[in-house]
Amino acid sequence: MVIYLSSIAYVHFRGRVRFGFLRQLFNHSAVLAPVNVLMYLTSKVPATPYIDARHVPALKVLDDNWHIIRDEAVALAQAQQIRAAANNDDAGFNSFFKTGWKRFYLKWYEAQHPSALAMCPRTVEILRGIPEVKAAMFAELPPGGKLNAHRDPYAGSLRYHLGLVTPNDDRCNIVVDGQVYSWRDGKSVVFDETFIHSAENTSDANRIILFCDIERPLRYRWAEVFNGWFGRKVMTAASSPNETGDQTGGINKVFYVFSVIGKYRRRLKAWNKTVYKVIKFSLMVGLAALIIFG
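All of these numbers come straight from a predicted model, not from anything done at the bench. (Residues numbered from 1 in each chain as written. Predicted model: local features only at pLDDT ≥ 70, side-chain atom pairs only at ≥ 80, totals over all residues. Heavy atoms only, no water.)

Let's talk about the packing of helix 3 (residues 33–41) against helix 9 (residues 221–233)
Let me state the cut-off plainly: In this analysis an axis means a line fitted to C-alpha atoms, helices contributing only their contacting stretch, and an angle means the value between N-to-C directions, from 0 to 180 degrees. Helix and strand definitions follow DSSP, with helices as H or I runs of at least four residues and strands as E runs of at least two, each counted in order from the N terminus. Should an angle fall under 35 degrees it is called roughly parallel, over 145 degrees roughly antiparallel, and 65 to 115 degrees roughly perpendicular, with every other angle called oblique. Should the near helix be turned anticlockwise from the far one by less than a right angle, the crossing is termed left-handed; should it be turned clockwise, right-handed. Whether two residues touch is decided by their heavy atoms; if any such pair falls within 4.5 Å, the residues are in contact. Amino acid classes used here: Ala, Val, Leu, Ile, Met, Phe, Trp, Tyr, Cys and Pro are nonpolar; Asp, Glu, Lys and Arg are charged; the rest, including Gly, are polar.
Look at helix 3 against helix 9: their axes get within 11 Å of each other, and the N-to-C directions meet at 140°. Classified by the angle between their axes, helix 3 and helix 9 sit oblique to one another. Seen from above, helix 3 lies across helix 9 with left-handed handedness. Residues Val-35, Leu-38 and Met-39 of helix 3 form the contact with helix 9, whose participating residues are Trp-222, Ala-223, Phe-226, Asn-227 and Phe-230. Residue composition of the contact of helix 3 with helix 9, by class: seven nonpolar, one polar and no charged.

Rendered as structure tokens:
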């Protein structure tokens, strides 16, 4: 317990921007805090919000082919295939859909997405040639859209954004640990998504980016092996489908069941938020243990 609480405290004090400690204690990122501390302590990259892309040179292939990737993203958007989850089966991004954010999965760890290969064959082919990319999607943020401040739960990856169709306007930006970055067409950025970050588009133009999770460079082979195993075992279980025929991971199957009984969850939250948070945290810990050790 001491190690667990110490890990949560380490995560909490790591950045300049912080949640209140009680919010951090019950935040989903607290579930993986010991794993994340291991990733931080063995990381090759500096502990800064934004990371120089030279630490992951393979990403240059994406930068160099951004026109190809953009064209498939535009065609996909015109076909209205970049969209919110239809069946409450995307736990990781569920709250984002409420504020206008949309996605189309190109890759998610070991999960299978036949729809991606069918609709975006050239982008999928490029991604398959970059083993450092563990997950990828097209992400859309329309005018007026926003993502509230949050930190991602797993530190085994870094986040890569490549501007495809953007407002090219500072009013469309992401803020990572208090530092602002504005997307531009054909320009990319790498950041540590476990720092608290938020995004907004207050311009009058749409924003579509290529959004990737990149395997965090680590110092030791044993840490890389663990990170690879964790990604295959746990992160794959968070896969969500674009459409029928794509793989839905175990976490999202459970999430769907909980969404069906969501009205009771909301009643519990309205009755006592503390009890709700304790039950939610306990279920997340139990589910993580079931996936890892089951």
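A closer look at the nonpolar core
Formally: We define a nonpolar core as any set of buried Ala, Val, Leu, Ile, Met, Phe, Trp, Tyr and Cys residues linked to one another through side-chain atoms lying within 4.5 Å. When accessible area is computed with a 1.4 Å probe and restricted to protein chains, residues below 20% of their type maximum are described as buried, those above 50% as exposed, and intermediate ones as partly exposed.
One finds Phe-93, Trp-101, Trp-108 and Ile-174 to be the most contacted residues of the largest nonpolar core, which totals 43 residues. In contact with Ile-174, not counting residues within four places along its chain, are Tyr-50, His-161, Gln-179, Val-180, Tyr-181, Trp-183, Phe-191, His-197, Ser-198 and Ala-199. Of all hydrophobic cores here, the second largest spans 30 residues; its members include Val-45, Leu-76, Ile-82 and Val-124.

Re the environment of Leu-38
Tracing the sequence through the fold places Leu-38 in helix 3. Residue Leu-38 is classed as partly exposed on the basis of its relative accessible area, which comes to 25%. Taking C-alpha positions, Leu-38 is 18 Å from Asp-213, a pair spaced 175 residues apart along the chain. Dropping the residues within four chain positions of it, Leu-38 is found in contact with Trp-222 and Phe-226.

Let's talk about the side chain of Ser-157
This is how it is decided: N or O atoms closer than or at 3.5 Å make up a polar contact, with two conditions inside protein: a donor-capable atom paired with an acceptor-capable one, and, for residues adjacent in sequence, both atoms drawn from side chains.
Among the secondary structure elements, Ser-157 is positioned in strand 5 (residues 157–165). Under the relative-accessibility criterion, Ser-157 is labelled buried at 3%. Within the structure, Ser-157 has its side chain in polar contact with the side chain of Glu-193 (distance 2.7 Å). With near-sequence residues (within four places) excluded, Ser-157 lies in contact with Tyr-109, Glu-193, Asp-213, Ile-214, Glu-215 and Arg-216.

Let's talk about the packing of aromatic side chains
The line we're drawing: Aromatic contacts are taken between Phe, Tyr and Trp rings whose centres are within 6.5 Å, Trp giving its six-membered ring; a plane angle under 30 degrees counts as stacked, one over 60 as edge-to-face, and the others as tilted. Over a ring means this: the NZ of a Lys or the CZ of an Arg is within 6 Å of the ring centre and within 35 degrees of the ring normal.
According to the stated counting rule, one finds 17 aromatic pairs in the structure shown. Seen from their ring centres, Tyr-10 and Tyr-40 are 6.1 Å apart, and the 25° between their planes marks the pair as stacked. Of this pair, Tyr-10 sits in helix 1 (residues 2–13) while Tyr-40 sits in helix 3, and the two are 30 residues apart along the sequence. When its relative accessible area of 9% is taken as the criterion, Tyr-40 is described as buried. In textbook terms, an aromatic cluster arises when at least three aromatic residues are bridged by ring pairs, as seen for Phe-93, Phe-96, Phe-97, Trp-101, Tyr-105, Trp-108, Tyr-109 and Phe-211. When the ring centre of Phe-195 is taken as reference, the NZ or CZ atom of Arg-14 above it lies at 4.3 Å. We note Arg-70 situated over the ring of Trp-66; from NZ or CZ to the ring centre the distance is 5.1 Å.

Some words on the sheet that holds strand 4 (residues 146–150)
Formally: Strand pairing follows a simple DSSP-based rule, namely that at least 2 bridges must link the two strands.
The four strands are arranged 4-9-6-7 in an open sheet whose pairing can be described as antiparallel. In this open sheet, the two edge strands, each paired with only one partner strand, are strand 4 and strand 7 (179–182). Mean inter-strand twist for the sheet, computed between neighbouring axes without regard to direction, equals 15°.

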